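# Analysis of the macromolecular model
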Amino acid sequence: MHEDIATALKLPPLEKGWVWLVGAGPGDPGLITALGLQALAQADFILYDALVDETLLTLSTAEKIYAGKRAGVRSCKQDEISDLLIKLAREGRRVLRLKGGDPFVFGRGGEEAQALARAGVPFRIVPGVTAGIGGLAYAGIPVTHRDTNHAVTFITGHGIDGKLTKMDWAAVSRGAPTLVLYMARKFAGEISAALIAAGRSADEPAAIVANAARADQQVIVTTLGGLGAAAENAPSLAIMVIGENVRLAEELNWLAKTKT
Ligand code: SAH
């Protein structure tokens, strides 16, 4: 981080004994915040997730520790990560916990912050661009749009146990016109069937944005009825969106236009 910018923005320093939980955004390293950059420059240790872009890590001379987890595997790993954060902070290190997207959106950042709070370790939360908003923006899909939806629901497709999230899908279907699904590729068929059974139209537009905001981004536009089949063929890192706002991608898919 350029000193002048840090001063002008009044960025607080990452101090010894502190942990910063920072969102790295969905892919494009340029989406990290100024506070995130400052943390990269000042950290002694970085604990990072699988979803974090490697370019960001190369910017830092800190010691880097991979703290990735696989879907559905809770095990004691989450506790191990929290314990390590606490240990390093108590040793007086400057600790950066770098997570994909936003740390508080389906990323267990809340659990890590709770562990720090309970241990009396000072911490700062630095929000990031979440895949369900910024990833859609990279596909030219506004998460809300006046002509299509006044509300949006963010859902995780599976819970800690790796099974389809237990929820009242009928109520979800009657709720917000736009639904954004994280971690839902495996259950896309089941979710789409449940929503259609509850009264949503099978013809409603839907999209899968795979590897959003990355060099290999793919935007697959389909319908609610076609979502399951489309998901089977999509790359594994995928965000899904159901709703009329998907139609805007045709006009607003700026990234595809930039490439050609
Ligand atoms: N904290 C993260 C979400 C972590 S959960 C955030 O705020 O974005 C992981 C899920 O996020 C993935 O299964 C996928 O559904 C979604 N996701 C994260 N990054 C993505 C990307 N670049 N492209 C598509 N989906 C992404």
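Residues numbered from 1 in each chain as written. Predicted model: local features only at pLDDT ≥ 70, side-chain atom pairs only at ≥ 80, totals over all residues. Heavy atoms only, no water.

A few words now on the overall build of the protein. Looking only at helices and strands, the protein features 11 helices and 10 strands. In terms of overall dimensions, the protein has C-alpha extents of about 55 × 40 × 30 Å along its principal axes. Burial statistics for the protein: of 260 residues in total, 46% are counted as buried. For the protein, long-range pairs separated by at least 24 residues make up 70% of all intrachain contacts whose partners lie at least 6 apart in sequence. Only carbon and sulfur atoms are counted for the fraction: they give 55% of the accessible area of the protein, which is about 12600 Å². Within the protein, the 27 negative side-chain charges are centred at a point lying 4 Å from the centre of the 27 positive side-chain charges. (Helix = DSSP H or I, 4+ residues; strand = E, 2+ residues; numbered from the N terminus. Buried < 20%, exposed > 50% of the residue type's maximum accessible area, 1.4 Å probe, protein only. Contact = heavy atoms within 4.5 Å. Areas by Shrake-Rupley, 256 points an atom, 1.4 Å probe, with all protein chains shown as cover. Lys, Arg positive; Asp, Glu negative; His and termini not counted. Charge placed at Lys NZ, Arg CZ, Asp CG, Glu CD.)

Attention now goes to helix α4 (residues 77-90). Between its first and last C-alpha, α4 extends 20 Å over 14 residues, near the 20 Å set by a 1.5 Å rise per residue. In the core, the buried residues of α4 are packed alongside β1 (19-23), β2 (45-48), β4 (95-99) and α5 (109-119). (Expected span 1.5 Å × (residues − 1).)

Bringing the nonpolar core into the picture now. One finds Leu-181, Ile-191, Leu-195, Ile-208, Leu-227, Met-240 and Ile-242 to be the most contacted residues of the largest nonpolar core, which totals 21 residues. Those elements that provide at least two residues to this core are α7 (169-174), β7 (178-182), α8 (188-197), β8 (205-210), α9 (227-232) and β10 (238-242). If you look at the next biggest cluster of nonpolar residues, it comprises 20 residues, including Leu-14, Leu-35, Ala-62 and Leu-98. (Core = buried A, V, L, I, M, F, W, Y, C linked by side-chain atoms within 4.5 Å.)

Turning our eyes to something else, we now look at the site of the ligand. In the vicinity of the ligand there are 18 residues, among which Pro-26, Asp-102, Val-105, Thr-130 and Ala-238 approach most closely. Contact distances for the ligand include 2.6 Å between an oxygen atom and a side-chain N or O atom of Thr-130. A distance of 3.4 Å is found between a nitrogen atom of the ligand and a backbone nitrogen or oxygen belonging to Ile-239. Its free accessible area being 540 Å², the ligand has 92% of it covered by the protein chains. Tallied by class, residues from the shell around the ligand come to 12 nonpolar, 4 polar and 2 charged. Domain assignment of the residues forming the shell around the ligand places at least three in each of domain 1 (3-129) and domain 2 (132-253). (Near = heavy atom within 4 Å. Polar contact = N/O pair within 3.5 Å; in protein donor to acceptor, adjacent residues only side chain to side chain. Nonpolar A, V, L, I, M, F, W, Y, C, P; charged D, E, K, R; others polar. Domains from an automatic or database assignment.)

Let us look at the domain arrangement of the protein. The accessible area lost on association of the parts is a frequent measure of interface size. What the domain assignment reports for the protein is domain 1 (3-129) and domain 2 (132-253). If you average the C-alpha positions of domain 1 and of domain 2, the two centres end up 28 Å apart. Across the boundary between the two partners, domain 1 contributes 12 residues, which contact 15 residues of domain 2. Taken together, the two surfaces of domain 1 and domain 2 that pack against each other cover about 1000 Å², and 67% of this comes from carbon and sulfur. Linking domain 1 with domain 2 are 0 salt bridges. (Buried area = accessible area lost by both parts, 1.4 Å probe. Salt bridge = Lys/Arg side-chain N within 4 Å of Asp/Glu carboxyl O.)

Here the focus is the packing of α4 against α5. Interaxial distance between α4 and α5 falls to 10 Å at its minimum, and their mutual angle equals 45°. With respect to α5, the element α4 is oriented oblique. For the pair α4 and α5, the sense of crossing is right-handed. Residues Gln-78, Ile-81, Ser-82, Leu-85, Ile-86 and Arg-90 of α4 form the contact with α5, whose own contacting residues are Glu-111, Glu-112, Ala-115, Leu-116 and Ala-119. Within the contact of α4 with α5, the residues separate by chemical class into 6 nonpolar, 2 polar and 3 charged. (Axes fitted to C-alpha atoms, helices over the stretch in contact; angles between N-to-C directions. Parallel < 35°, antiparallel > 145°, perpendicular 65-115°, else oblique. Left-handed = near helix turned anticlockwise from the far one by under 90°.)

Time to look at the sheet that holds strand β9 (residues 218-223). The strand order across the open sheet built from 5 strands is β6-β7-β10-β8-β9, with neighbouring strands paired in mixed fashion. Of all strands in the sheet, those with a lone pairing partner are β6 (152-156) and β9, marking the two edges. The average undirected angle you get between the axes of adjacent strands in this sheet is 20°. As defined by bridge partners, β8 adjoins β9 across 6 bridges and the pair is classed as antiparallel. Among the inter-strand pairings, Ala-210 is bridged to a residue of β9, identified as Gln-218. (Pairing = 2+ DSSP bridges.)

Let us now look at the pairing of β8. Within β8, 6 of the 6 residues are buried, leaving the element largely enclosed by the surrounding structure. Of the two faces of β8, the one lined by Pro-205, Ala-207 and Val-209 and the one lined by Ala-206, Ile-208 and Ala-210 are each fully buried. Two strands pair when backbone bridges link them, and β8 and β10 are joined in this way by 5 bridges, in the antiparallel orientation. Bridge pairing in β10 places Ala-210 opposite Ala-238.

Quick look at helix α2 (residues 34-42) now. Taken together, the buried positions of α2 are occupied by Leu-35, Gly-36, Gln-38, Ala-39 and Leu-40. On its buried side, α2 packs onto α1 (3-8), β1, β2, α3 (54-58), β4 and β5 (123-126).

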